[in-house]
Amino acid sequence: MLDAAFLARDAVAVAHDLIGCTLELDGCGGRLVEVEAYTRDDPASHAWPGPTARNAAMFGPAGHVYVYRSYGIHWMLNLVCADASAVLVRALVPEIGRDRIAARRPGVPERDWCRGPGRLGTALAVGPQQNGLPIDGGLFTLRDRTGVPDVTTTRRIGISKAVERPWRFVETGSRWVSAPLGGPSAA
């Protein structure tokens, strides 16, 4: 099991090291195949304008989750790292709690259950009730990877600021990622 110390580092380094780890929320989850890093000095980060009621979890201790609503529709899951930075969880392979995930994504092809941060949020039942919770106990668990996967780095997607930063990390060749490398994102 990984604990808060794993996340209490630079978000870019953490993002790279998360690929291949297993994330679980209340008995549902799987292997992480796509994430994006956001740092305190990043104009695309929610921490950029400073502490607010919405982003308070980002300014708390590393090793917690930051959950926010995107476009008034999707709940996005982020892992809080050092210095008000975070890693957005964009995609995972649905390996744990598949029946529950399928029930939350009726009529959706399996490949699309957790492919994209909004879809992943729905599949794992992410919501405001998890904002600020610790990653190392209770509802969340984060397990280390068993091997070192091939990781590809590319520019982030689905944002309009600082898109050129190569802070999107994907498992090379994974069919579960939200978009082709550098392509438009899946919701």
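Residues numbered from 1 in each chain as written. Predicted model: local features only at pLDDT ≥ 70, side-chain atom pairs only at ≥ 80, totals over all residues. Heavy atoms only, no water.

1. Re the overall build of the protein chain
Okay, step 1: Along its length, the protein chain carries 4 helices and 8 strands.
Okay, step 2: Sequence-ordered secondary structure for the protein chain, helices as α and strands as β, is α-α-β-β-β-β-β-α-α-β-β-β.
Okay, step 3: Across the 187 residues of the protein chain, 52% fall into the buried class.
Okay, step 4: Within the protein chain, contacts between residues at least 6 apart in sequence are counted, and of these 60% link residues at least 24 apart. (Helix = DSSP H or I, 4+ residues; strand = E, 2+ residues; numbered from the N terminus. Buried < 20%, exposed > 50% of the residue type's maximum accessible area, 1.4 Å probe, protein only. Contact = heavy atoms within 4.5 Å.)

2. Concerning unusual backbone geometry
Okay, step 1: Not every positive phi belongs to a glycine, and Asp26 is a case in point at roughly 50°.
Okay, step 2: Counting through the fold element by element, Asp26 comes out in the loop between β1 (22-25) and β2 (28-38).
Okay, step 3: Owing to a relative accessible area of 42%, Asp26 belongs among the partly exposed residues under this scheme.
Okay, step 4: Positioned with a positive phi, Ala125 is a non-glycine residue whose angle comes to about 60°.
Okay, step 5: Within the secondary structure, Ala125 is located in the loop between α4 (117-123) and β6 (140-143).

3. Brief notes about the confidence of the model for the protein chain
Okay, step 1: Of the residues in the protein chain, 89% have a pLDDT of 70 or more, and the chain-wide mean is 88.
Okay, step 2: Contacts from residues 183-187, a stretch scored under 50 in pLDDT, to residues over four places away or in other chains number 19 contacts. (pLDDT = per-residue confidence, 0-100.)

4. Side note on helix α2 (residues 11-18)
Okay, step 1: All of the buried residues in α2 are Ala11, Val12, Val14, Ala15 and Leu18. Axial view of α2: buried residues confined to an arc of 160°, hence all on one face.
Okay, step 2: Those residues of α2 that are buried lie in contact with α1 (4-7), β2, β4 (74-80), β5 (86-96), β6 and β8 (168-171).
Okay, step 3: Residue Asp10 occupies the N-cap position of α2, its side-chain oxygen lying 3.1 Å from the main-chain nitrogen of Val12.
Okay, step 4: Positioned one or two residues after α2, Gly20 has a phi angle of 95°, which is positive. (Arc of directions from axis to C-beta. Polar contact = N/O pair within 3.5 Å; in protein donor to acceptor, adjacent residues only side chain to side chain.)

5. Concerning the pattern of salt bridges
Okay, step 1: Here the structure, examined in full by the defined rule, presents 12 salt bridges.
Okay, step 2: Between Arg9 and Asp17 there is a salt bridge, with the nearest N and O atoms lying 3.0 Å from each other.
Okay, step 3: The residue Glu34 makes a salt bridge to Arg168 at a minimum N-O spacing of 2.8 Å. Of the two residues, Glu34 sits in strand β2 while Arg168 sits in strand β8, which places them 134 residues apart along the sequence. Each member of the pair, Glu34 as well as Arg168, is classed as buried.
Okay, step 4: When salt bridges with common partners are traced through the structure, they connect Glu34, Glu36, Arg90 and Arg168 into a single cluster. (Salt bridge = Lys/Arg side-chain N within 4 Å of Asp/Glu carboxyl O.)

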